[in-house]
Amino acid sequence: MATAIWRKASRFRNFHRCLYTHTLSQCRSSVPSSPPIADSLQRPSLPFMQTVIPVGAEFNSIGIDGRYLSNSTTSATDNQEKSSSSKTNSEGSQNAGGSQQSSGDAGKPVRGGPVSWLSFLLLLATGIGIILYYDKKKKRHIEEISSASKAVKEGPSAGKAAIGGPFSLINHDGKRVTEKDFLGKWTLVYFGFTHCPDICPDELQKLAAAIDKITEKAGIEIVPVFISVDPERDTAEQVREYVKEFHPKLIGLTGNSDEIKKVARAYRVYYMKTAEEDSDYLVDHSIVMYLMDPSMEFVKFFGKNNDVDSLTDGVIKEINQRKR
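Residues numbered from 1 in each chain as written. Predicted model: local features only at pLDDT ≥ 70, side-chain atom pairs only at ≥ 80, totals over all residues. Heavy atoms only, no water.

## Concerning the packing of helix α6 (residues 199–218) against helix α9 (residues 308–323)
Logical step 1: At their nearest, the axes of α6 and α9 sit 9 Å apart, and the two run at 50° to each other. Taken together, α6 and α9 sit at an angle that is classed as oblique. Judged by the twist between their axes, the crossing of α6 over α9 is right-handed. The residues of α9 that touch α6, namely those facing K206, L207, A209, A210, K213, I214, K217 and A218, are V308, D309, L311, T312, D313, V315 and I316. (Axes fitted to C-alpha atoms, helices over the stretch in contact; angles between N-to-C directions. Helix = DSSP H or I, 4+ residues; strand = E, 2+ residues; numbered from the N terminus. Parallel < 35°, antiparallel > 145°, perpendicular 65-115°, else oblique. Left-handed = near helix turned anticlockwise from the far one by under 90°. Contact = heavy atoms within 4.5 Å.)

## Observations concerning α6
Logical step 1: Here α6 is 20 residues long and its end C-alpha atoms lie 28 Å apart, about the 28 Å a rise of 1.5 Å per residue gives.
Logical step 2: If you check which residues of α6 are buried, you get C200, P201, E203, L204, K206, L207, A208, A210, I211 and I214.
Logical step 3: Within two residues after α6, G219 carries a phi angle of roughly 70°, on the positive side. (Expected span 1.5 Å × (residues − 1). Buried < 20%, exposed > 50% of the residue type's maximum accessible area, 1.4 Å probe, protein only.)

## Some remarks on helix α8 (residues 257–266)
Since there are 3.6 residues in each turn of an α-helix, residues three or four apart along the chain are aligned in direction.
Logical step 1: Where α8 is concerned, the buried positions are E259, I260, V263, A264 and A266. The arc enclosing the buried residues of α8, seen along the axis, measures out at 160°, which places them on a common side. With respect to the buried face of α8, the exposed residues turned more than 90 degrees away are D258, K262 and R265.
Logical step 2: Backbone geometry just downstream of α8 places R268 in the positive-phi region, at approximately 55°. (Arc of directions from axis to C-beta.)

## What about the nonpolar core?
Logical step 1: Membership of the largest hydrophobic core comes to 52 residues, with the highest contact counts inside it found for F191, I222, Y267, Y290 and V315.
Logical step 2: Among the elements that line this core, the one with the most residues is α6, at six residues.
Logical step 3: Sequence-distant contacts of Y290, that is, excluding residues within four places in its chain, are made with I163, T187, L188, V189, F191, Y267, R268, V269, F298, K300 and F301. (Core = buried A, V, L, I, M, F, W, Y, C linked by side-chain atoms within 4.5 Å.)

## Overview of the sheet that holds strand β4 (residues 222–228)
Logical step 1: Spatially, β2-β1-β5-β4-β3-β8-β9 is the arrangement adopted by the seven strands of the open sheet, whose pairing is mixed. Both edges of this open sheet fall to β2 (176–178) and β9 (298–303), since each of them pairs with a single strand only. Geometrically, the sheet is characterised by an average inter-axis angle of 35° between neighbouring strands, direction not taken into account.
Logical step 2: In the sheet, β4 pairs with strand β5 (residues 251–254) via three bridges, with the strands oriented parallel. The partner of I227 across the bridge, within β5, is L253.
Logical step 3: Lying on the sheet, helix α7 (residues 236–243) is in contact with β1 (168–171), β4 and β5; it crosses β5 at an angle near 155°. (Pairing = 2+ DSSP bridges.)

Nothing here speaks to function; it is all geometry.
Put into structure tokens, the structure is as follows:
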């Protein structure tokens, strides 16, 4: 009895081995690639198993088919997991690379434009400081000028310029005269020199013509006075020969260097010798006529831009205003 059972068990094992080997070979030849999981599950049984497996071995064939299905499913699942894991790894590597790149970029200092906000603010502050400094300096300079102008000596009365004053000179006849010799008369005073090539002769001719017209139009007698600013060459004789060429009433005055310097300072007259060649030189000087009243106080000055008519009308106007 035991021997019969053992023989049947051995026969059953051999049959199971043959069936398993034949099933695997048929599956490998008929199935080129692993079918999808859904197709394997939908297929109820393999066709070749119906012809090979007997009725008594149906349970075992179902177990073999289930093992095959489980192996196929497992392999497909493994393939999908491998592909998904590879994709995940690739995406992870890309993300890691991107994160590393972003972290690397974050670690790097951000390079700004050519001018940053800090440098712009510093430049703006520097410019404002320079403007305020020069504005303050300008205001200080204006205040200094204003204080200096207030310290200037005022004239003899309010509204009058500090022009004129005492002097002592030699007239063209060689006599000593002072400002007192001209009191009680209206006077027009001009500063020049006898070697003047053109300006002085023009101005003296204008002066001579104006005093004649003033007498004709207003009946006012004006005393014309010429004061030399060239004491080295303009002697009394030189001045006499010079003034008589313009008008018989023209009085010429001269003196030494100190006397000329004093009277020029009193009348605010500028004069200076220019380039000298031997004894021939010129004297640069102010071109102004001063109208002095009978008290020898300054009334008004007339410049080179006045012609004979404007000089005449201007003198008459000033005298008439003073007489009222």
